[in-house]
Structure formats: structure tokens, C-alpha cells
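Each chain, letter by letter, is given below.
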Amino acid sequence: MARDYYEVLGVSRDASAEELQRAYRRLARRLHPDVNRSPGAEDQFKEVNEAYHTLADPQTRARYDRFGPDFRQVPEGQEAPWRSGRARAGPGGPGPRARRPGGPGPAADEWTFQGSGIDLEDLFGGVFGGRGAGGPVPGADQEAEIVLSVEEAYRGGRRRISLDGRSFQVTIPPGVTDGQRIRLAGQGGHGRGGAPRGDLYLVVRIAPHPRYRLSGRDIYVTLQVSPWEAALGATVPLPTPDGTGKVDVPPGSSTGRRLRLRGQGMPDPRGTPGDLYAEIAVMVPTEPGPQERELFEELSRVSTFDPRR
């Protein structure tokens, strides 16, 4: 069964024409068979090409949204948006087309493009046509993941990583967040014909932490306090990714109360840092000593406090 065209391009169903074009350019640069020789890249490229040129035409997109993968079979007298082996005329005449050099004839293996504002000359910066399909081809950009602890993401620093037999010294900026990309220029795929290598993008993944929980740039940490600290108030130590600080616990604090430390969350070199939230958890002795038990018993006799009321 054919994949959903929006899923193929990695866009939402309400994506604009500009978003569709950006997604197509990104995928085509990475998957075109004259750039990417890995198994399956050619089939992926043709799938991306079909998805884009279906959704780039407003009328065809409307039919696809209405009828799904069977939109070409619906007998409404409308021509299919593209056919292998010949170009469909777009606003300005037949669209540009390209065929993989040395490949089979048009009926078997030709990619045809509508007049939708993109051609291979523009997409690959002159790799095809003027310089020839056998000319220099810049290396493809590549992606890899780098897993950081909360502390590493908070402080930044340098990390040595190994990838595909190569070793890199990576500078991690302070305050990187999950999903952010770190660019290593010229460390991607090999170019062809003397063209430069592509770039390597490291996608940051922040590992789960036993103490901290992240929400964007905000950091949440559990602050454990004793019953008397919660009842009477106290200044207690608070663990943070940058070390240990202190926080004032107001009198009468119960479990679940949240103390906000403004600007103490993940730093942001380009803007406002996040906040740190200390969530109070009142702890009691699991095995109270004789004197502790006596004091708790005395408190239970004299106190009129009812936590369930």
C-alpha cells in the first residue's frame, strides 16, 4: 500500500506551498541517485518526487485529500498529475525533466517534473545540465545523534565522538535542547569530481535523568524536606545541573508545592534562560527512633490539624 504523501515529505496536512517546496528540496538533495548511491535511495527519491508533484498542484492535492491513494482512479475526467515518460504541461508549458544517466528508457525509469517552480539545475546548483551529470557533485549532508546528560547540555563543553571510523572533537554550546542540531561543516558525505564534502549534523538527544525533568528550557527537580522543615520553613540545599544551591522553603509547605527559581533553568545564549522548579516532597523517617516516635505521638495528641479536611 502506498505511503501517505504528507508522511513521505514529513509535513502536516495543512502545509503551505512553501513548506512543501522546502521539504522536497531537502529530501531531493539527500536522495537523488546521482548523489546518494545507498540501496533504496533511488526508490525513496521517486516516492518523494511523486508525493511532491501531486501535492504541489492545488487541484490534484484537493483530489488526493478527498479520495486518498485512489484519486487517479476516480472517473471525473481529470488527467493524472504526472505520467512516466512524458511531461505534463504546467503554467508555462511542459515542465523540466531529468533522467538518470545510463538508465533505461523513458517508459521504465524516467522522472518527469511538472512546471512547479523547481528543476534540477536550481535544486543542485548546476550539477546537472551545464556541468553535466558526470561533473562535480557536492557531498550529501548527513545526520547522526549525540546523547548528552542534562548536566552536559546545561554546561556545554567539548566531547570527542567516533563515527564511521572517524573521530571528531565536538563543541557543545551551553543550553542545547533535545532535537537541536550541531553542525560540523565539511564532515558529511564525500563529494565527487573534486567537489567539497557535505556537512554533518549532530542531533542532540538528552538522556533521561534520575533527578531532573526537562520541559523546553525549564528544569523540574524534586526537593525532599522533613516534616518540621515543611511545617516551620527552612533554607535547604537544592541540587542543580550547575552544582548545589540553596532555596528557602516557606512555612506550611506541603508535598506538591512548587517553588520557582526564575532564570535558573537551561541557559539560552540567544535569549532568556528557562526557570528551575523545585517540587516539594515531605519525607518521614521510615524507622523512627524511640525519641522521634515519642515526639510524633505527642504531636498527634496536641495537634488539631486534619489533612483530609
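Since the structure is predicted, the reported quantities are computational estimates derived from the model, not experimental observations.

### Regarding the environment of Asp199
Next, step 1: Mapping Asp199 onto the fold places it in the loop between strand 8 (181-184) and strand 9 (200-206).
Next, step 2: Residues Asp199 and Gly186 lie 13 residues apart in sequence; the distance between their C-alpha atoms is 4.7 Å.

### What to know about the sheet that holds strand 11 (residues 218-225)
Next, step 1: Ordered by their spatial adjacency, four strands build an open sheet running 10-11-15-14, and the pairing between neighbours is mixed. The sheet terminates laterally at strand 10 (212-215) and strand 14 (258-261), the two strands that pair on one side only. Between one strand and the next, the sheet's axes are offset by a mean angle of 25 degrees, whatever the strand orientation.
Next, step 2: Looking at chain direction, strand 14 and strand 15 (residues 276-282) are connected through four bridges and run antiparallel. Residue pairing in the sheet places Leu261 in a bridge with Leu276 of strand 15.

### Quick word on the sheet that holds strand 8
Next, step 1: Pairing within the open sheet is mixed, and its three strands lie in the order 5-9-8. The open sheet has two edge strands, strand 5 (142-148) and strand 8, and neither has a second partner. Adjacent strand axes in the sheet meet at a mean angle of 30 degrees when their direction is disregarded.
Next, step 2: Bridging between strand 5 and strand 9 involves seven bridges; their strand directions are parallel.

### A short note on the confidence of the model for the protein
Next, step 1: On average, the protein scores 79 in pLDDT, and the residues at 70 or more come to 79%.
Next, step 2: Confidence drops under a pLDDT of 50 for residues 78-122, and excluding neighbours within four residues, the segment shows 102 contacts in the predicted structure.
Next, step 3: Between residues 126-133, whose pLDDT stays under 50, and residues either more than four places distant or in other chains, the model counts 19 contacts.

### Examining the pattern of salt bridges
Next, step 1: Under the defined criterion, the tally for this structure stands at 17 salt bridges.
Next, step 2: The shortest N-O distance in the salt bridge between Glu42 and Lys46 comes to 3.9 Å. Linking Glu42 with Lys46, this pair stays in helix 3 (residues 41-55), spanning four residues, or about one helical turn.
Next, step 3: A salt bridge links Arg159 to Glu152; the nearest nitrogen and oxygen atoms lie 3.0 Å apart.
Next, step 4: Each of Arg3, Glu7 and Glu47 takes part in one network of salt bridges that share partners.

Conventions we followed
Residues numbered from 1 in each chain as written. Predicted model: local features only at pLDDT ≥ 70, side-chain atom pairs only at ≥ 80, totals over all residues. Heavy atoms only, no water. Helix = DSSP H or I, 4+ residues; strand = E, 2+ residues; numbered from the N terminus. Pairing = 2+ DSSP bridges. Axes fitted to C-alpha atoms, helices over the stretch in contact; angles between N-to-C directions. pLDDT = per-residue confidence, 0-100. Contact = heavy atoms within 4.5 Å. Salt bridge = Lys/Arg side-chain N within 4 Å of Asp/Glu carboxyl O.

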